[in-house]
Structures are given as structure tokens and as C-alpha cells.
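# Observations on chain architecture
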Amino acid sequence: MSVPCDETEIRRLLEPHAAYGADGMPCVGREAVATLAQALGLTVKETMIVLLDMDIWPERFRRNQGVFSAKQMARLLSRRVFIAGCGGLGGHVASLLARMGVGGFRLCDPDIFEESNLNRQYFCTEKTLGKPKALVSRDGLLDIASYLDVDAHVIAAAPDNLPTLLQGMDAAIDCLDSVPRKKMLEEAAHTARIPFLHGSVLRDEGFAFLSTSSFQLAAMYPLIPAGTDSSAGQNTAGTAAAGTACLMASLLGKGLASESPKDSPLFHLDYSVPEMERFCLAPR
């Protein structure tokens, strides 16, 4: 990315707008970032990356200090992720990653919001009933962060469209509701050489792992082939969806912020206790 002026000039332009946190670190509010972006001829996201490279934090990410370094925050902002499924897990995961600092999303879901979704699906409200999940989720993400690069597809992920859907993505997130479809996405993600984040919920339990190359779902479900078969609707508590999504966002956020993401264990969350277990699977 070419910056039209040097660091000294950028600091001069920022001086009337800069503020300082209790720790003395400089930070810049949303309106000042927009003003600087216009002066530099850059997008808001590009401008925030420039500032982070100078260790100047956008105010919206100031509370991420200590969790991520400025370099890691800049890396997150440059990442785009594909999310298959915008319901119970997908909506929560997308909103968390957007707030965390991931810079772009490609959403894919053929369904509309129904009344039974109100108990657990983040972007489902009485006003969005009957509307496509992917489009509502896109609009909700842009309400959180208007600088995001988001496109939405009201289609089902399938072997013939996944190669195109995964082009330009830095990770694939599995929020699908059937094992064959999950395995299908895992295979497509590894073919595209991008990390695969798995999540699933059932009643008051949740599962999640991050994989960069191994086929963990093959070890979990060895007798179920990959494909486009769908499962019947399952009862799921809102706590299971939200809690599992938090774990998924943490796994992927740390992975995308690093220079080389690594495989995670399989995490099992049981919200009836509650407790969390971790397992190391032998990949196939």
C-alpha cells in the first residue's frame, strides 16, 4: 500500500485530533480517522492500518491493547474470512470478529430468518423475520463497522461454487448444520490452502477447532462422507451458540493475527455443567 506522505506529515495532520489513553498511548477517534483518510486519499481501513504501523491506535480498538500488538491488529484488518452459515453460530462469530478487527467477510447462507431462530441467532430480530440471513448479517456487520469489505451470497455452499467463494479468503469458517456439508467445506478449505475453523452446537453442547491442513472431521466422523446432505433442525440453547461462537472467534482471531496459524485441539463445551474439555485427535 502506497502512502502519499511520510510519518512526520501524518503525525502533523493528526496532532489536532490525537488523544491519549491512561497508559499514555496515542489513539485516534473515528471521525479523525475519516478526516485523515480523506487527506491521504486512502480508505478508512487502509488509514487505520497505516496508523497501527506507526503504533497509533484507532479508538475503536484501544481496548484490544495487551490482547493484540499494533502489528497484529494491522494484520487482522487486512484479513478476509468466508463464513458458511449465518445463523446461530455464524451471526455471533461474524459480529465478534468484526468487533475484534477482522477487515472483511464473505457470507453464504440460502435461508431466511424464522421465528424459532429468535432464541439464539444474533442478527435475528422480530424486524428481520422472513429476510435472508446473509443479507441481514451483511447489513448488521456494516452497522458495526462501516469500513468493512463485506459481500453476501444467498446460496448454499456446494462443491461447484466453493472454489470461487473461497478465492481471496484468508480462512473458512464452518457454521453449517450437517456433517457432510462441514466435511465438504473442510476439504475445500484445505484445497484452497487456508485455515478451516469448525464449530457446531447441539442442545447445550458445543464443539470447535482450528485446522490448517489436517482433516480433523475425518477423525471425528470417519463413516460419514462429505457432501451436500442436510440435517433436520436441532434444538439448541442460546448459551451454547453464543459461548461456542466466542471460542471460535478467539481461535481464529489469534490465528489470523499470527504470522503462521497453527492447529488447535478439539474443544468440547458442555453448558449443562458448565465445563470445557480439550481433545487431541489423530488426523486422517
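The structure displayed is predicted, hence computed values, not measured ones.

## Concerning the sheet that holds strand E7 (residues 171-174)
Spatial strand order, E6-E5-E4-E7-E8-E9-E10-E11: 8 strands in an open sheet with mixed pairing. For this open sheet the edge positions go to strand E6 (149-153) and strand E11 (275-279), each flanked by a neighbour on one side alone. Neighbour-to-neighbour, the strand axes of this sheet turn through a mean angle of 15°, independent of strand direction. Pairing of strand E10 (residues 266-270) with E11 involves 5 bridges; the strand directions are antiparallel. The residue bridging Phe267 from the neighbouring strand is Arg278, located in E11. Together, strand E4 (80-84), E7, strand E8 (196-202), strand E9 (205-211), E10 and E11 form the strand contacts of helix H10 (residues 238-257), whose direction differs from that of E9 by roughly 10°.

## A short note on the pattern of salt bridges
For the structure shown, the criterion picks out 8 salt bridges. For Arg80, the salt bridge identified is with Asp149, shortest N-O distance 3.4 Å. Placement of the pair is Arg80 in strand E4 and Asp149 in strand E6, with a sequence separation of 69 residues. One continuous salt-bridge network, built from bridges that share partners, spans Arg80, Arg106, Asp149 and Asp151.

## Concerning the layout of surface pockets
If a probe as big as a water molecule is rolled over the atoms, it shows which places are left empty. Computed from the structure, the largest pocket encloses a volume of approximately 930 Å³. Mapped by element, the contributors of at least two residues to the lining of the largest pocket are helix H8 (179-191) and E8. In terms of residue class, the lining of the largest pocket is built from 16 nonpolar, 14 polar and 8 charged. Computed from the structure, the second largest pocket encloses a volume of approximately 160 Å³. Taken together, 13 residues make up the lining of the second largest pocket; nearest its centre are Arg30, Val44, Arg60, Ser146 and Tyr147. Of all the secondary-structure elements, those providing two or more residues to the lining of the second largest pocket are helix H2 (30-40) and helix H3 (44-53). Considering each element in turn, the lining of the second largest pocket owes the most residues, 4 residues, to H2. By residue class, the composition of the lining of the second largest pocket is 7 nonpolar, 2 polar and 4 charged.

## Concerning the packing of aromatic side chains
What the rule picks out here adds up to 2 aromatic pairs. Plain terms: the ring middles of Tyr122 and Phe123 are 4.8 Å apart, the flat faces sit at 90° to each other, and that makes the pair edge-to-face. Relative accessible area serves as the criterion here: at 34%, Tyr122 is assigned to the partly exposed category. Lying across the ring of Phe61, Arg60 places its NZ or CZ 5.9 Å from the centre. Over the aromatic face of Phe68 sits the side chain of Lys254, whose NZ or CZ is 5.1 Å from the ring centroid.

## Describing unusual backbone geometry
Residue Val273 is joined to Pro274 through a cis peptide bond whose omega torsion reads -5°. For Pro274, the location among the structural elements is in the loop between E10 and E11. Within the chain, Asp55 stands out as a residue other than glycine whose phi angle is a positive 65°. Following the sequence through the fold, Asp55 ends up in the loop between H3 and strand E3 (57-58). Backbone geometry at Arg193 places phi at a positive 60°, although glycine is not the residue there. Its location among the elements puts Arg193 in the loop between H8 and E8.

Rules of the game
Residues numbered from 1 in each chain as written. Predicted model: local features only at pLDDT ≥ 70, side-chain atom pairs only at ≥ 80, totals over all residues. Heavy atoms only, no water. Pairing = 2+ DSSP bridges. Helix = DSSP H or I, 4+ residues; strand = E, 2+ residues; numbered from the N terminus. Axes fitted to C-alpha atoms, helices over the stretch in contact; angles between N-to-C directions. Contact = heavy atoms within 4.5 Å. Salt bridge = Lys/Arg side-chain N within 4 Å of Asp/Glu carboxyl O. 1 Å grid on protein atoms, 1.4 Å probe; cavity = no way out; pocket = protein on both sides within 12 Å on 5 of 7 lines; lining within 4 Å. Points joined across faces, edges and corners; volume = space filled by probe spheres on them. Nonpolar A, V, L, I, M, F, W, Y, C, P; charged D, E, K, R; others polar. Phe/Tyr/Trp six-rings, centres within 6.5 Å; stacked < 30°, edge-to-face > 60°. Buried < 20%, exposed > 50% of the residue type's maximum accessible area, 1.4 Å probe, protein only. Lys NZ or Arg CZ within 6 Å of the ring centre and 35° of its normal.

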